[in-house]
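Fold and contact review
As a plain string of letters, each chain reads:
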Amino acid sequence: MAYWLMKSEPDVYGIQHLQAEGTTLWDGIRNYQARNFMRSMSIGDRAFFYHSNAKPPGIVGMMEVIETGITDPSQFDPENKYFDPKSKPEAPRWDCVRLKYVGTFGSLLSLDDLREQFSVEELPVVRQGNRLSILPVPEPSAERLLALLGPL
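Counting from 1, residues in each chain are numbered in the order their sequence is written. The predicted nature of this model means local features are confined to residues of pLDDT at least 70 and side-chain atom pairs, given and counted, to a pLDDT of 80 or more, with totals for whole chains, interfaces and linings taken over all residues. Heavy atoms throughout the structure, all of them, feed into the side-chain values; hydrogens and water do not.

**Re the environment of Asp27**
- A run of DSSP states H or I qualifies as a helix once it reaches four residues; a run of E qualifies as a strand once it reaches two. Both are numbered from the N-terminal end. Locating Asp27 in the fold gives a position in the loop between strand E2 (23–26) and helix H3 (32–39).
- Separated by 46 residues in sequence, Asp27 and Pro73 have C-alpha atoms that sit 7.8 Å apart.
- Beyond its immediate stretch of four places on either side in the chain, Asp27 contacts Asp72, Ser74 and Cys96. Contact definition: two residues touch when any of their heavy atoms are within 4.5 Å.

In structure tokens form, the structure reads like this:
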């Protein structure tokens, strides 16, 4: 099992939305590096749900990958803000994964807290100016995060 950190703005799609829905399609990713990280995910991988563009930003919950290799339907919908006119059904550029809600932590672990506890090598999200929405989390760092966050 691998670990990931996946960012979303809480007012757009927060942990409370995932909790209410149970599962979600993590679509609309339009960065090739983030897309490639999703392509390397496996069923059963875990992802830390990170609220970005929040005050304060930080880790709030946990998700599990339940389906991989899904063609992102939003790329073909001209009414969708993630529409990609260069992507064609016979040669899609973007894909996504389906995630299920695992739980919400008792308290948020803020970006400031993360910067105090981890180096950039241990947890890439602490890098100044990091805007990538999906990042791998090395297993030793994931174990430390889980210890810091406590039970779900």
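**Details of the side chain of Ser52**
- Tracing the backbone through its elements, the reader meets Ser52 in the loop between strand E3 (46–51) and strand E4 (58–71).
- Leave out the neighbours within four places in its chain, and Ser52 touches Lys7, Ser8, Glu9, Pro10 and Pro57.

**A short note on unusual backbone geometry**
- The step from Lys55 to Pro56 runs through a cis peptide bond, and the omega angle for that step is -5 degrees.
- Along the chain, Pro56 turns up in the loop between E3 and E4.

**Considerations on the nonpolar core**
- Residues Met6, Trp26, Phe48, Ile59, Leu114, Ile134 and Leu145 are the most contacted members of the largest nonpolar core, which totals 41 residues.
- With six residues, the top contributor of residues to this core is E4.
- Those residues in contact with Met6 that lie beyond four places of it in its chain are Trp26, Met41, Ala47, Phe48, Phe49, Tyr50, Met63, Val97, Leu99, Ser133 and Ile134. Nonpolar cores are built from buried Ala, Val, Leu, Ile, Met, Phe, Trp, Tyr and Cys residues. Side-chain atoms within 4.5 Å join them into one set. Classification of residues uses two cut-offs on accessible area relative to the type maximum, computed with a 1.4 Å probe and protein chains only: under 20% is buried, over 50% is exposed, and between them is partly exposed.

**Overview of the packing of aromatic side chains**
- Pairing of aromatic rings covers Phe, Tyr and Trp, the last counted by its six-membered ring, and requires centre-to-centre distances within 6.5 Å; plane angles under 30 degrees mean stacked, over 60 mean edge-to-face, and any other angle means tilted. Summed over the entire model, instances satisfying the criterion amount to five aromatic pairs.
- Judged by centre distance (5.6 Å) and plane angle (85 degrees), the ring pair of Trp26 and Phe49 falls under edge-to-face. Taken together, the residues Trp26 in strand E2 and Phe49 in strand E3 connect sequence positions 23 residues apart. Summarising the burial analysis for this pair, Trp26 and Phe49 share the class buried.
- Our definition puts a charge over a ring when NZ of Lys or CZ of Arg is within 6 Å of the ring centre and also within 35 degrees of the ring normal. Seen from the ring of Phe118, Arg144 lies directly overhead, with NZ or CZ sitting 4.2 Å from the centre.

**Describing the sheet that holds strand E5 (residues 95–110)**
- The criterion for strand pairing is that DSSP finds at least two bridges linking the strands in question. Spatial strand order, E2-E5-E4-E3-E1-E6: six strands in an open sheet with mixed pairing. Looking at which strands have only one partner, the edges of the open sheet turn out to be E2 and strand E6 (134–137). Averaged over neighbouring strand pairs, the angle between their axes works out to 35 degrees when direction is ignored.
- Where strand E1 (residues 3–8) and E6 come together, four bridges link them in antiparallel fashion. Within the sheet, the bridge partner assigned to Met6 lies in E6 and is Ile134.
- Its contacts with the sheet put helix H5 (residues 139–149) on E1, E3, E4, E5 and E6, and the angle it makes with E5 is roughly 45 degrees. Note on geometry: axes are lines fitted to C-alpha atoms, helical ones only across the stretch in contact, with angles between N-to-C directions running from 0 to 180 degrees.

By themselves, these are just geometric observations and shouldn't be taken as functional.
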